[in-house]
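# Understanding the architecture of this molecule
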Amino acid sequence: MILDEIIERTKLDLEIRKKEITLDLLGRSLSSNPYAPRDVKPYLVSTKEEPVRIIAEVKKASPSKGIIKEDFDPLVIAQEYSKNGANAISVLTEPHYFKGNLEYLTAIRRYVPTPLLRKDFIVDKYQIVEALVYGADFILLIAKALGTKELKELYDYAIHLGLEVLVEIHDKEDLTKAVKSGATIIGINHRNLDTFEMDMELCDKLIPLIPNGKIIVAESGVSNVDTIKRLSAIGADAFLIGEHFMRVPSIEDELKRFKNACN
Ligand SMILES: O=P(O)(O)OC[C@@H](O)[C@@H](O)c1c[nH]c2ccccc12
C-alpha cells in the first residue's frame, strides 16, 4: 500500500526533525514570523464574476509518474502561476516520493502574493506548525490517512493556528470523516492514492452527498476545458491541477484558458 508506505516514511523523517528542532523551539520562531496566514476561502469559492477557481500545483515528481518536470524551478513556476491568475498555489513539500521541499514554500511566500497550500502527508501537529513557520496559508489533510478523531484534532489545531484546511476525500467514508471534522473546504481526489487509479466520475457520485455551503475542490487528472465546464456545472468551485501545467508549453495560455472556461 503506497499511501501507508509514504506515511511511514513521513513519520520516520518527522522523528528526526523533531529531535533537531523541538516543537517548542519551532513554535518560538513564530514570534518572528512575518507571514500571517491569509483567509483563503474568498479565493476558492466560485462567484458569478469568477466562476472557476484554480489551485495550481508546483510538482516536480509523483510516485505514479516519476519525474514530471526536469528543469524544475519552483519559484519561477509559482511566479508564472501567480501572474496568470491562479487563485492559490499548491506546493508539494514531501521530499521522497514527490521531490518536494519545505523551503520551496518559504521562497515562494517571499516573492509571490498568491495564497499557498502546504501539500504533504500531514499526520502530526508538528507539521502544522511547520506549515505556518514556512509560510503556508492552508494545509491539506487526507481523510484516508487519518482516523476520524485524528482528523478532527489536526483540523481543529490548524484552525486554532489560523490556517485553513483542505480536507481530501476519495469515497463516502472519507466524506463522513470530513463532515465530522467540520471541514468547510472539501477536495475530491479523482486519484486513488493506493492504486493510482483515476475515477473522473467521482465528483458526480460524491458532490450530491456533500452538505450545502461547502467549498468543493476537484483534484487530480484535470487537463482540459471540457472537464472544468462539466465539473463546474455540477458544483465544483475550484480545481487542483499539477501535472498538466508542468507539461504544457505555456502555463500562461493554459491557465488563462482554464480560468475562462465558464465565462
Ligand atoms: O497532477 P494532477 O493529476 O493534476 O494532481 C494534482 C493534485 O491533485 C495531486 O498532486 C494530489 C492530490 N492529492 C494529493 C495528496 C498527496 C499528494 C499529491 C496529491
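The following refers to the structure shown. (Residues numbered from 1 in each chain as written. Predicted model: local features only at pLDDT ≥ 70, side-chain atom pairs only at ≥ 80, totals over all residues. Heavy atoms only, no water.)

## Points about helix α5 (residues 102-111)
- For α5, every residue scored as buried is listed here: Leu102, Leu105, Ile108 and Arg109. One face of α5 carries all of its buried residues, which in axial projection span an arc of 125°. Facing away from the buried side of α5 by over 90 degrees, the exposed positions are Arg110 and Tyr111.
- Residues of α5 that are buried make contact with β1 (53-58), α4 (74-83), β4 (88-92), β5 (116-119) and α6 (125-134).
- One side-chain oxygen at the N-terminal end of α5 lies 2.9 Å from the backbone nitrogen of Glu103; it belongs to Asn101. (Buried < 20%, exposed > 50% of the residue type's maximum accessible area, 1.4 Å probe, protein only. Helix = DSSP H or I, 4+ residues; strand = E, 2+ residues; numbered from the N terminus. Arc of directions from axis to C-beta. Contact = heavy atoms within 4.5 Å. Polar contact = N/O pair within 3.5 Å; in protein donor to acceptor, adjacent residues only side chain to side chain.)

## Remarks on the sheet that holds strand β8 (residues 185-189)
- Strand order in this closed barrel of eight strands is β1-β4-β5-β6-β7-β8-β9-β10, and the pairing throughout is parallel. The mean angle between the axes of side-by-side strands here comes to 25°, regardless of whether they run parallel or antiparallel.
- As paired strands, β4 and β5 are joined by four bridges and run parallel to one another. Considered in β5, the bridge of Ser90 is made with Leu117. (Pairing = 2+ DSSP bridges. Axes fitted to C-alpha atoms, helices over the stretch in contact; angles between N-to-C directions.)

## Regarding the site of the ligand
- Near the ligand there are 18 residues, and of these Glu57, Glu168, Ser220, Gly242 and Glu243 occur at the shortest range.
- The contact in question runs from an oxygen atom of the ligand to an N or O atom on the side chain of Lys59, over 2.8 Å.
- A distance of 2.9 Å is found between an oxygen atom of the ligand and a backbone nitrogen or oxygen belonging to Gly221.
- Surface burial for the ligand is 98%, taken as the share of its 440 Å² of free accessible area covered by protein chains.
- Of all the secondary structure elements, the ones that give two or more residues to the shell around the ligand are β6 (138-142) and β10 (238-241).
- Counted by class, the shell around the ligand contains seven nonpolar, four polar and seven charged residues. (Near = heavy atom within 4 Å. Areas by Shrake-Rupley, 256 points an atom, 1.4 Å probe, with all protein chains shown as cover. Nonpolar A, V, L, I, M, F, W, Y, C, P; charged D, E, K, R; others polar.)

## A closer look at the nonpolar core
- Core analysis: the largest hydrophobic core is formed by 89 residues, its most contacted members being Ile54, Tyr81, Ile139, Leu141, Ile188, Ile228 and Phe239.
- Ignoring sequence-local partners within four residues, the contact set of Ile228 consists of Val52, Ile54, Val222, Phe239, Ile241, Phe258 and Ala261. (Core = buried A, V, L, I, M, F, W, Y, C linked by side-chain atoms within 4.5 Å.)

## Here we look at the environment of Pro95
- Along the chain, Pro95 turns up in the loop between β4 and α5.
- For the pair Pro95 and Thr10, spaced 85 residues apart in sequence, the C-alpha separation works out to 9.1 Å.
- Among all residues touching Pro95, those that are not within four sequence positions of it are Asp13 and Gly100.

## Regarding helix α10 (residues 225-233)
- Turning to α10, its buried residues are Val225, Thr227, Ile228, Leu231 and Ser232. The buried residues of α10 all sit within an arc of 160° when viewed along its axis, so they share a single face. Those residues of α10 that are exposed and aimed more than 90 degrees away from the buried face are Asp226 and Ala233.
- For α10, the secondary structure elements touched by its buried residues are β1, α9 (202-206), β9 (215-219), β10 and α12 (251-259).
- Capping of α10 at its N-terminal end is provided by Asn224; its side-chain oxygen lies 3.2 Å from the backbone amide nitrogen of Asp226.

## Thoughts on the pairing of β4
- Burial analysis of β4 places five of its five residues in the buried class, the great majority of the element.
- Alternating positions in β4 separate into two faces, Ala88, Ser90 and Leu92 on one and Ile89 and Val91 on the other, with burial throughout.

Everything listed here is a matter of geometry and, on its own, says nothing about what the molecule does.
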